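# Structure at a glance
Letter by letter, the chains look like this.
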Amino acid sequence: MHDALSDILALIEMRSIPCTRLEAAGEWAWRFPAKPILKFVAVLKGGCWLILNGEERYRLETGDTFLLANASDYVVASDPGKRPEDGMAAFDWDRSDIARYQGDDTVLLGGGFALEGNNAGLLLDVLPDVMILSAAGPSAAVLHGSLKLLDEEVRAARMGTTLLTHRLADILLVQALRAFVDQGGGGVGGWLAALKDPRLGASINLMHRTPERQWTLRELAAEAGMSRSSYVAHFKEAVGMPPMEYLRRWRMEKARDALRNANTSLADLAHDLGFASESSFGNTFKRVFGHSPRNYWATRDSALVSS
């Protein structure tokens, strides 16, 4: 069974980066550089401050987790007034992914995801810059279970640890996004904002489940349990575009991904995405992406080589 979150994550070129563990006691403050990644840090023990842009301050306690989209530079500290040192220098990267400083009153577990390619915006564009997941949130218990397993692997460094930590990090990302939406999801936009609403979410998941179906506004509104006018208004407010435009764009995202395979049949792809003909599919694709489906990737790759 398809759902919107799974489908969109499957289209993104996402690569998890190595997880790290930071143990500290006493007075400390470390600054970590900005990176074009989706970053997460969980407080496994103790507490600390998260400081963004030198101004925004968040107090984090045991069980809290934060995520940064297109991560800016940030500081974690025992005291927000302490001058931060280079956090990257706290690690002996040749020996371990664990940094230790004067004890383990506070323990942080961090990781993240590099989102590459044209589809990264499908996720990053709908997320706020910072997401704080409270230990008291409705989905915290599930998230804590995955964090515990991930931490055990980081500390043990056993056979197969690299693969297992990558897989656990993928699971953790889905759980973290669920947890953020479950606790209110302040600042999310686009399709993720719509998924917060069970009515709109039901219709979006149906579009993802059967994109080839000739959906009408009447049918989608009925699935949402709303009138057509109310459904369109609510959908456009949450997602930023009308429902039929969202369906058209989702079909095109699936098409663009399928066309990475040079042997993809345009006729079959058009049929699978609900188009009456190859020509109508091609015209829609060109309107959305500016190139015909036959030469989209060749044109894009040539532009990247020449730039």
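Described below are features of the structure shown in this document. From a predicted model like this one, the values you see are computed outputs, not experimental measurements. (Residues numbered from 1 in each chain as written. Predicted model: local features only at pLDDT ≥ 70, side-chain atom pairs only at ≥ 80, totals over all residues. Heavy atoms only, no water.)

### Digging into the overall build of the chain
Helix and strand counts for the chain stand at 12 helices and 11 strands. In terms of overall dimensions, the chain has C-alpha extents of about 70 × 50 × 35 Å along its principal axes. By the burial criterion, 47% of the 307 residues in the chain qualify as buried. A separation threshold of at least 6 residues defines the contact pool for the chain, and within that pool the share at least 24 residues apart is 74%. Of the roughly 15,200 Å² of accessible surface on the chain, a fraction of 50% belongs to carbon and sulfur atoms. In the chain, which carries 34 positive and 38 negative side-chain charges, the distance between the mean positions of the two groups comes to 4 Å. (Helix = DSSP H or I, 4+ residues; strand = E, 2+ residues; numbered from the N terminus. Buried < 20%, exposed > 50% of the residue type's maximum accessible area, 1.4 Å probe, protein only. Contact = heavy atoms within 4.5 Å. Areas by Shrake-Rupley, 256 points an atom, 1.4 Å probe, with all protein chains shown as cover. Lys, Arg positive; Asp, Glu negative; His and termini not counted. Charge placed at Lys NZ, Arg CZ, Asp CG, Glu CD.)

### Let's talk about the packing of helix 9 (residues 243-258) against helix 11 (residues 278-289)
A pair of packed helices is captured by two measures, namely the crossing angle of their axes and the spacing between those axes. Direction vectors running N to C along helix 9 and helix 11 enclose 95°, while the axes themselves pass 10 Å from each other. In this view, helix 9 runs roughly perpendicular relative to helix 11, as classed from their interaxial angle. Counting all contacts with helix 9, which are made through Arg 248, Arg 249, Met 252, Glu 253, Ala 255 and Arg 256, the residues of helix 11 involved are Phe 281, Thr 284, Phe 285, Val 288 and Phe 289. Partitioning the contact of helix 9 with helix 11 into residue classes produces six nonpolar, one polar and four charged. (Axes fitted to C-alpha atoms, helices over the stretch in contact; angles between N-to-C directions. Parallel < 35°, antiparallel > 145°, perpendicular 65-115°, else oblique. Nonpolar A, V, L, I, M, F, W, Y, C, P; charged D, E, K, R; others polar.)

### Quick word on the pattern of salt bridges
Pairing between side chains of opposite charge can happen when the charged atoms of each approach one another. Counted by the stated rule, this structure contains 15 salt bridges. The salt bridge involving Arg 199 is made with Asp 197; its shortest N-O contact spans 3.4 Å. Given the relative accessible area of 18%, Asp 197 is considered buried. Because the salt bridges share partners, they merge into one network encompassing Arg 21, Glu 23, Arg 100, Asp 151 and Arg 155. (Salt bridge = Lys/Arg side-chain N within 4 Å of Asp/Glu carboxyl O.)

### With respect to helix 1 (residues 4-11)
Counted residue by residue, helix 1 has six buried out of eight residues, so it is predominantly covered. Looking at helix 1, one finds that the buried residues are Ala 4, Leu 5, Asp 7, Ile 8, Leu 9 and Leu 11. Packing partners of the buried residues in helix 1 comprise strand 1 (13-24), helix 2 (121-124), helix 4 (161-182), helix 5 (190-195), helix 6 (198-209) and helix 9. The N-terminus of helix 1 is capped by Asp 3, whose side-chain oxygen sits 3.2 Å from the backbone nitrogen of Leu 5. (Polar contact = N/O pair within 3.5 Å; in protein donor to acceptor, adjacent residues only side chain to side chain.)

### Observations concerning the nonpolar core
The biggest cluster of nonpolar side chains holds 58 residues, and the ones touching the most others in it are Leu 38, Leu 123, Leu 127, Tyr 231 and Tyr 246. Sort the elements by how many residues they give to this core and helix 4 lands first, with nine residues. Leaving out residues up to four positions away in the same chain, Leu 127 has contacts with Leu 38, Ala 69, Leu 177, Gly 187 and Leu 192. By size, the runner-up hydrophobic cluster in this structure holds 23 residues, among which are Trp 28, Leu 52, Phe 91 and Ala 114. (Core = buried A, V, L, I, M, F, W, Y, C linked by side-chain atoms within 4.5 Å.)

### Observations concerning the packing of helix 6 against helix 9
Where helix 6 contacts helix 9, the two axes come as close as 10 Å, and the packing angle between them is 35°. Like other packed secondary-structure pairs, helix 6 and helix 9 cross with a definite hand, here right-handed. Counting all contacts with helix 6, which are made through Ile 204, Met 207 and His 208, the residues of helix 9 involved are Pro 243, Tyr 246, Leu 247 and Trp 250. Residues that form the contact of helix 6 with helix 9 fall into these classes: six nonpolar, one polar and no charged. (Left-handed = near helix turned anticlockwise from the far one by under 90°.)

### Side note on the sheet that holds strand 7 (residues 74-77)
Here we have five strands laid out as an open sheet, ordered 5-4-7-2-8, and mixed in their pairing. Only two strands of the sheet have a single partner each, and these edge strands are strand 5 (56-61) and strand 8 (85-86). For strand 4 (residues 47-52) and strand 7, the ladder comprises four bridges, and the chain directions are antiparallel. Its bridge partner being in strand 7, Leu 50 is matched across the sheet by Val 76. (Pairing = 2+ DSSP bridges.)

### Observations concerning the side chain of Asp 151
Tracing the chain through its elements places Asp 151 in helix 3 (residues 140-156). On the basis of relative accessibility, which here comes to 7%, the residue Asp 151 falls in the buried class. Sequence-distant contacts of Asp 151, that is, excluding residues within four places in its chain, are made with Arg 21, Leu 44 and Leu 109.

### Some remarks on the packing of aromatic side chains
Tallying each qualifying case throughout the model produces 13 aromatic pairs. Seen in terms of ring centroids, Trp 30 and Tyr 101 are 5.3 Å apart; in terms of plane orientation they differ by 85°. Their pairing is edge-to-face. Highlighted residues: Trp 30 in strand 2 (residues 29-32) and Tyr 101 in strand 9 (residues 98-101), separated in sequence by 71 residues. The partly exposed category is assigned to Tyr 101, whose relative accessible area is 28%. (Phe/Tyr/Trp six-rings, centres within 6.5 Å; stacked < 30°, edge-to-face > 60°.)

Read these as layout, nothing more, since geometry by itself doesn't imply function.
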